[in-house]
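One letter stands for each residue in the lines below.
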Amino acid sequence: MATVSSQVSAPAGISAKLSAFFHSVSVALVAYMERRTRADQIAALQAKSDEELAKMGVNRDEIPAYVFRDLFYV
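Residues numbered from 1 in each chain as written. Predicted model: local features only at pLDDT ≥ 70, side-chain atom pairs only at ≥ 80, totals over all residues. Heavy atoms only, no water.

1. Focus: the overall build of the protein
Then, in step 1: When helices and strands are tallied, the protein shows three helices and zero strands.
Then, in step 2: The linear arrangement of helices and strands in the protein, starting from the amino end, is α-α-α.
Then, in step 3: Looking at the protein as a whole, 9% of its 74 residues are labelled buried.
Then, in step 4: Carbon and sulfur atoms provide 61% of the accessible area of the protein, an area that totals close to 6,500 Å². (Helix = DSSP H or I, 4+ residues; strand = E, 2+ residues; numbered from the N terminus. Buried < 20%, exposed > 50% of the residue type's maximum accessible area, 1.4 Å probe, protein only. Areas by Shrake-Rupley, 256 points an atom, 1.4 Å probe, with all protein chains shown as cover.)

What follows is the structure, encoded as structure tokens:
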């Protein structure tokens with residue numbers, strides 16, 4: 001008895017579209033997680049006293065710039 005192996009493969013166009021879709025989803029997820037983490041950092045710094053911030057060399061109005069310092073040359 002002969003065995004017939006049948007593989008169902010998606011056309012190249014559909015495969016490329018699925019790949020692009022999942023890539024977009026992963027990029028969006030990473031961006032969301034980074035934004036959420038930075039929001040948590042800002043909240044944690046805002047909860048500190050002015051004295052604690054001064055020890056870190058940060059003024060209260062500089063907190064966002066401090067959290068995003070790796071993205072901006074200031």
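We are not done yet, so read on.
2. Description of the confidence of the model for the protein
Then, in step 1: A residue-level look at the protein finds 84% of positions with pLDDT of 70 or above and a mean pLDDT of 84.
Then, in step 2: Of all helices and strands in the protein, the one with the weakest mean pLDDT is helix α1 (residues 12-46) (88), whereas helix α2 (residues 50-56) scores best (95). (pLDDT = per-residue confidence, 0-100.)

3. Focus on the pattern of salt bridges
Opposite charge on two side chains permits pairing when their charged atoms draw close.
Then, in step 1: Overall, the coordinates contain three salt bridges when judged by the stated rule.
Then, in step 2: Between D70 and R38 there is a salt bridge, with its nearest N and O atoms 2.9 Å apart. Linking D70 in the segment after α3 (63-67) with R38 in helix α1, this pair joins segments that are 32 residues apart in sequence.
Then, in step 3: A residue is classified by how much of its surface remains accessible, and D70, at 56% relative accessible area, is exposed.
Then, in step 4: R60 is the salt-bridge partner of D50, the closest N and O atoms lying 2.8 Å from each other. Pair noted here: D50 is in helix α2 and R60 is in the loop between α2 and α3, with a separation of 10 residues, a long-range link.
Then, in step 5: Under the relative-accessibility criterion, D50 is labelled partly exposed at 48%. (Salt bridge = Lys/Arg side-chain N within 4 Å of Asp/Glu carboxyl O.)

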